[in-house]
Amino acid sequence: MALDRKGLDQAVDEAFPLLSSLAQRIHATPELAYSEHRASGWIAEAVEGAGISVERGLGGVETAFRARVGGGSGPRIAILAEYDALPEIGHACGHNLIAAGAVGAFLALSRQTATLSGTVELIGTPAEEGGGGKIRLLNAGVFREVDVAMMYHPYDRDILAHPALATKRLTMTFRGAPAHASIAPWDGQSALTACLETFRLIDSQRVHFRDGVRVHGIVTDGGQAVNVIPERAASLFLLRAPSLDELERVAVIVERCAEGAALAAGVEVELSMRNGYKNMRNNLALARRFGKALESLGRKPRETDPSVGAGSTDMGDVSHAVPSIHPYLGICDEGETLCHEREFADCANSPRGLETMRLAAKAMARTAADALEDRELLASAREEFERA
Ligand SMILES: [Zn+2]
């Protein structure tokens, strides 16, 4: 017996008041990475309210969780919920809508548990904003037996398979020698000079970066006193590239710039490079199926859109481990506002945002149903994943 697709839609509609209130409560109570205690609690309560048990503290991460329906030897489909917010601007990335949409899709599928030809999991993944919650869950083995992972993300337009860039964080600490900036500047070695020169040297190298690379930094320590040649200076850079190979290449260039600047200024530099997120490998077989579901619900998504830039997400790491999709759905007019802007936070709490969440829940439920029942779809998703 196959899952009743109309029944999935109806179940999302019936749950819509609950999903909306969940999205609005999370929106009104923004919590930062790994502190999403109330959000993860409310989501777990909503799921438990449907008689499904929730495993809290998943993978040793306090605000992660998992709920499961179905079973057997069939495919295992994971629907991912994010719910962390940003400092100052709250839910300006719309993760409250991601959470509610994921819950909606999961609850709809759970209503037909007897007909599930596999397992559906709702995985609560904290700390997308810089904390890499999904990486901790990956390392804990949470995705080991998952066949397909899916989530959606609010945006200003509908895009099925948009890139997300791989990232590294680089901390630079320069150490020179202090001296009175007026009485004896010749006795000092300015750490700040090297720090600033690094920015200029990196700019000089941008011509050699491949398309889509982003390198952006801030000065985190610009000196200790205005009348002292700065003994210490520091900066933080984020390096992003469309592929891990290009990211490695750019990292070498950026480090060289810091070393060159330090050499010129006669100071020491200490570099600390940390891996961030991997680039997103969108599974096109699954993304197109999600697109079909969206079209039948009245939207006209495009596959990608080079006119809009790309960010980064820890869903990229999941996509290197499991065939994954991370489609974007508009919650405002194109160009009106974008993620990480104050206006976007308003859209994430608007009737239009909630309607998009409803639609995303339906499209994810349908895509999950297809992945469970259409063995050809699953095989081509797998084949595409192995090829990459
Ligand atoms: Zn986001």
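Above: the structure in question.
Predicted, not measured: the structure shown is a model, and the values here were computed from it. (Residues numbered from 1 in each chain as written. Predicted model: local features only at pLDDT ≥ 70, side-chain atom pairs only at ≥ 80, totals over all residues. Heavy atoms only, no water.)

Caption draft 1: Focus on helix 2 (residues 37-48). Here helix 2 spans 16 Å end to end across 12 residues, near enough to the 16 Å set by a 1.5 Å rise per residue. Regarding helix 2, the residues found buried are A39, S40, G41, W42, I43, A44, A46 and V47. Of the surrounding secondary structure, the elements contacted by the buried residues of helix 2 are helix 1 (5-28), strand 1 (54-56), strand 2 (65-70), helix 3 (95-110) and strand 4 (119-124). (Helix = DSSP H or I, 4+ residues; strand = E, 2+ residues; numbered from the N terminus. Expected span 1.5 Å × (residues − 1). Buried < 20%, exposed > 50% of the residue type's maximum accessible area, 1.4 Å probe, protein only. Contact = heavy atoms within 4.5 Å.)

Caption draft 2: Local environment of a negative patch on the surface. Side chains of E336, E341, E343 and D346 sit close together on the surface and give a patch of like negative charge. Tracing the backbone shows D346 in helix 9 (residues 342-347). (Patch = residues over 30% accessible without salt bridge, like charges linked within 9 Å, V, L, I, M, F, W, Y side chains within 5 Å. Areas by Shrake-Rupley, 256 points an atom, 1.4 Å probe, with all protein chains shown as cover. Salt bridge = Lys/Arg side-chain N within 4 Å of Asp/Glu carboxyl O. Lys, Arg positive; Asp, Glu negative; His and termini not counted. Charge placed at Lys NZ, Arg CZ, Asp CG, Glu CD.)

Caption draft 3: Seen up close, the sheet that holds strand 8 (residues 214-221). The strand order 8-9-7-10 describes an open sheet built from 4 strands, whose pairing is antiparallel. Edge positions in the sheet fall to strand 8 and strand 10 (268-275), since each of these pairs with one other strand and no more. Between one strand axis and the next, the sheet turns by 20° as a mean value, whatever way the strands run. Pairing between strand 7 (residues 166-175) and strand 9 (residues 232-241): 10 bridges, direction antiparallel. (Pairing = 2+ DSSP bridges. Axes fitted to C-alpha atoms, helices over the stretch in contact; angles between N-to-C directions.)

Caption draft 4: Just the coordination of the zinc ion, in detail. Distances from the zinc ion to its protein donors, namely C93 (SG), H95 (NE2) and H153 (NE2), fall within the range 2.1 to 2.3 Å. On the primary sequence, the residues serving as donors to the zinc ion are separated as C-x1-H-x57-H. Within this pair, whereas H95 is found in helix 3, its partner H153 is found in strand 6 (residues 153-155), the two being separated by 58 residues in sequence. By relative accessible area, which is 0% here, H95 ends up buried. We classify H153 as buried; its relative accessible area is 5%. (Donors = N, O, S within 2.8 Å, 3.2 Å for Na, K, Ca; no water.)

Caption draft 5: Highlighting the environment of N96. With respect to the secondary-structure elements, N96 resides in helix 3. Here the alpha-carbon distance between N96 and A81, two residues 15 residues apart in the chain, equals 8.8 Å. In contact with N96, not counting residues within four places along its chain, are A23, I26, H27, H91 and A348.

Caption draft 6: Structural context of the pairing of strand 2. Note: strand 1 against strand 2, 3 bridges, orientation antiparallel. From the neighbouring strand, R56 faces strand 2, where its bridge partner is F65. When strand 2 meets strand 4, the two strands line up antiparallel, connected through 6 bridges. Along strand 4, the bridge assignment pairs F65 with G124.

Caption draft 7: Geometry of the pattern of salt bridges. Counted according to the given criterion, the structure contains 34 salt bridges. Taking the shortest distance from any N to any O, the salt bridge between D314 and K134 comes out at 2.6 Å. Here D314, found in the loop between helix 7 (284-296) and helix 8 (315-321), pairs with K134, found in helix 4 (residues 133-139); they are 180 residues apart in sequence, far enough to count as distant. The pair formed by D314 and K134 is uniform in burial state, with each residue classed as buried.

Caption draft 8: A look at unusual backbone geometry. You will see that E88, though not glycine, has its phi angle at about 70°, which is positive. Along the chain, E88 falls in the loop between strand 3 (76-81) and helix 3. The class of E88 is exposed, set by a relative accessible area of 75%. A positive phi angle is found at H340, which is not glycine, with a value near 75°. Considering the arrangement of structural elements, one finds H340 in the loop between strand 12 (328-330) and helix 9.

Caption draft 9: Focus on the packing of helix 1 against helix 3. It is the contact of helix 1 with helix 3, at a shortest axis distance of 8 Å, that shows an interaxial angle of 150°. It follows from the interaxial angle that helix 1 and helix 3 lie roughly antiparallel. Along this stretch, helix 1 crosses helix 3, giving a crossing that reads as right-handed. Contacts from L8, A11, V12, L18, L19, L22, A23, I26 and H27 in helix 1 reach N96, L97, A99, A100, V103, G104, L107, A108 and L109 in helix 3. The class makeup of the residues in the contact of helix 1 with helix 3 is 15 nonpolar, 3 polar and no charged. (Parallel < 35°, antiparallel > 145°, perpendicular 65-115°, else oblique. Left-handed = near helix turned anticlockwise from the far one by under 90°. Nonpolar A, V, L, I, M, F, W, Y, C, P; charged D, E, K, R; others polar.)

Caption draft 10: Local environment of the sheet that holds strand 1. The 6 strands lie next to each other as 1-2-4-3-5-11, forming an open sheet whose pairing is mixed. Looking at strand neighbours, the two that pair on one side only are strand 1 and strand 11 (324-325), the edges of this open sheet. With 6 bridges joining them, strand 3 and strand 4 adopt parallel strand pairing. The partner of I79 across the bridge, within strand 4, is L122.

Caption draft 11: Region of the structure containing the packing of aromatic side chains. Under the defined criterion, the tally for this structure stands at 3 aromatic pairs. With a centroid separation of 5.8 Å and an interplanar angle of 15°, the aromatic rings of F65 and Y83 are classed as stacked. Of this pair, F65 sits in strand 2 while Y83 sits in the loop between strand 3 and helix 3, placing them 18 residues apart in sequence. Here F65 falls in the buried class, since its relative accessible area comes to 2%. Lying over the aromatic face of Y34, R136 brings its terminal NZ or CZ to 4.8 Å of the ring centre. (Phe/Tyr/Trp six-rings, centres within 6.5 Å; stacked < 30°, edge-to-face > 60°. Lys NZ or Arg CZ within 6 Å of the ring centre and 35° of its normal.)

Remember that the coordinates give geometry; whether it matters functionally is a separate question.
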